[in-house]
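This is what each chain is made of:
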There are 2 protein chains.
Amino acid sequence: MGGSAQPRELTAPRLSANDAAMLIRPAQASDAEGIWRVLQPTLAAGETYALPPDMNREQALAYWTRADESPGEHDVFIAEERDVVLGTYFIRPNQLGGGSHVANCAYMVAPAATGRGIAQAMCEHSLGHARSRGFLAIQFNFVVSTNERAVRLWEHAGFKVVGRVPKAFRHPTSGLVDALVMHQFL
Amino acid sequence: MGGSAQPRELTAPRLSANDAAMLIRPAQASDAEGIWRVLQPTLAAGETYALPPDMNREQALAYWTRADESPGEHDVFIAEERDVVLGTYFIRPNQLGGGSHVANCAYMVAPAATGRGIAQAMCEHSLGHARSRGFLAIQFNFVVSTNERAVRLWEHAGFKVVGRVPKAFRHPTSGLVDALVMHQFL
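Below: a short report on this structure. All values derive from a computational prediction rather than experimental measurement.

Looking now at the interface of chain A and chain B. Taken together, the contacts link 27 residues of chain A with 27 residues of chain B. When chain A packs against chain B, close to 2200 Å² is buried across both sides, 65% of that on carbon and sulfur atoms. Taken together, chain A and chain B are joined by 0 salt bridges. Our enumeration of links across chain A and chain B arrives at 8 residue pairs in polar contact (both at pLDDT 80 or more). Every element with two or more residues in the side of chain A that touches chain B is listed here: β5 (137-144), β6 (160-171) and β7 (175-185) of chain A. The element that contributes the greatest number of residues to the side of chain A that touches chain B is β6(A), accounting for 9 residues. Broken down by class, the residue content of the side of chain A that touches chain B amounts to 16 nonpolar, 8 polar and 3 charged.

What follows is about the state of the cysteines. Counting across every chain of the model gives 0 disulfides over all chains. Just so you know, A:Cys123 is unpaired, no disulfide at all, and the nearest cysteine sulfur is the one on A:Cys105, 7.6 Å from it.

All names here are of chain A. A rise of 1.5 Å per residue sets the reference length of helix α1 (residues 32-45), with its 14 residues, at 20 Å; its end C-alpha atoms lie 20 Å apart and thus fit the reference within 8%. Along its length, α1 reaches its greatest deviation from straightness, about 30 degrees, at Leu39, and the proline Pro41 lies no more than four positions downstream. What α1 keeps buried is the set Gly34, Ile35, Trp36, Val38, Leu39, Thr42 and Leu43. The inward-facing, buried residues of α1 abut α2 (57-65), β2 (75-81), β3 (84-93) and β4 (102-109).

Residue and element names in this part refer to chain A. Summed over all chains, the structure comprises 21 aromatic pairs over all chains. Geometrically, the ring pair formed by Phe77 and Tyr89 is stacked, given 5.0 Å between the ring centres and 15 degrees between the ring planes. One end of the pair, Phe77, is in strand β2; the other, Tyr89, is in strand β3, with 12 residues separating them in the sequence. Since its relative accessible area comes to 0%, Tyr89 is described here as buried. A cation sits over an aromatic face here: Arg66 above Tyr63, 5.0 Å from the ring centre.

Superposition record for chain A on chain B: RMSD 0.0 Å, screw rotation 180 degrees, translation along axis 0.0 Å. The relationship between the two copies is best expressed as a two-fold rotation axis. For chain A, the residue whose C-alpha comes nearest the rotation axis is A:Gly163, separated from it by 1.8 Å. Comparing interface residues between copies, 100% of those in chain A also sit at the interface in chain B, which points to an isologous, same-surface contact.

Thresholds applied
Residues numbered from 1 in each chain as written. Chains lettered and ligands numbered in written order. Predicted model: local features only at pLDDT ≥ 70, side-chain atom pairs only at ≥ 80, totals over all residues. Heavy atoms only, no water. Contact = heavy atoms within 4.5 Å. Buried area = accessible area lost by both parts, 1.4 Å probe. Salt bridge = Lys/Arg side-chain N within 4 Å of Asp/Glu carboxyl O. Polar contact = N/O pair within 3.5 Å; in protein donor to acceptor, adjacent residues only side chain to side chain. Helix = DSSP H or I, 4+ residues; strand = E, 2+ residues; numbered from the N terminus. Nonpolar A, V, L, I, M, F, W, Y, C, P; charged D, E, K, R; others polar. Disulfide = S-S within 2.5 Å. Expected span 1.5 Å × (residues − 1). Bend = angle between axes of the 7 residues up to and from the residue. Buried < 20%, exposed > 50% of the residue type's maximum accessible area, 1.4 Å probe, protein only. Phe/Tyr/Trp six-rings, centres within 6.5 Å; stacked < 30°, edge-to-face > 60°. Lys NZ or Arg CZ within 6 Å of the ring centre and 35° of its normal. Least-squares fit on C-alpha atoms with pLDDT ≥ 70 in both.

Right, dumping it as structure tokens:
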């Protein structure tokens, strides 16, 4: 894969919000329930991910963790605080073969924990992890354009909009809205 | 899904090249060998699809035909002439949930049969089939920018470039080249 591998940052960033230590670490099988509690409300809302809102626990965890794939291929992390999962992300090659040098990531934060910088911390962690795996870039395939908080966050983190697919997402209240392709070289 | 369903065209277009009847029809299990003979050289060349060039028959057919998915979800067609498979395409929802109204398609033509309008005929067929399934648009996620024949063909068929991902594909001889996101409303 090549690329500029850099040391992977595994220490816990301290969040100013309440000065509690938040740890981002690889997910384990025992984190399944915590991950599901993060995924479920976001999936059910159906406003930000092109996934069935009625995905059940088994389906959602299968999609998110891809336990059938090799470790080092599809990696899942959680952000936790006092043993409570507040967020999770995965990273994987966005394409195979000649496209495998570009990573894809997806992030979710528990609704009760939004606004505390958890998505940003996971994004920074994913950039470091992607570099450590030798990826040359990260691509987001489908950022719902009405998810303005996410778009601002990704742009702040260095991502650029490289594509805009018109009316690609049927938002539950806004109707057909655009989806953005976002990209960052590492 | 909604959308303007139109009658599906199942008659065989006649190609002027040699005035032989070419039929585009749903693939059957017995077409596996013919499909593999179309896929194999294109995969091995590694110039146009972000798939492993060394995919074996089983892996390639699993990817292309997704026999584990429901009929009417992932549909596979072949273009044949005198019982020889000259091309194949699949059509499926590009995303799930709120993104399932947009189709994705992929097409391959046997190297010996290029330049005879088979890709164009399959593309036209796929537009009709996508309408009949109620899709509102077709999106191509990853058109290798150096595949100029394909880009011209898709643009001629009504697709527009809605995104350009820089250096997303490692071409075997041209190095890192861009990938295009192309899109057409139905």
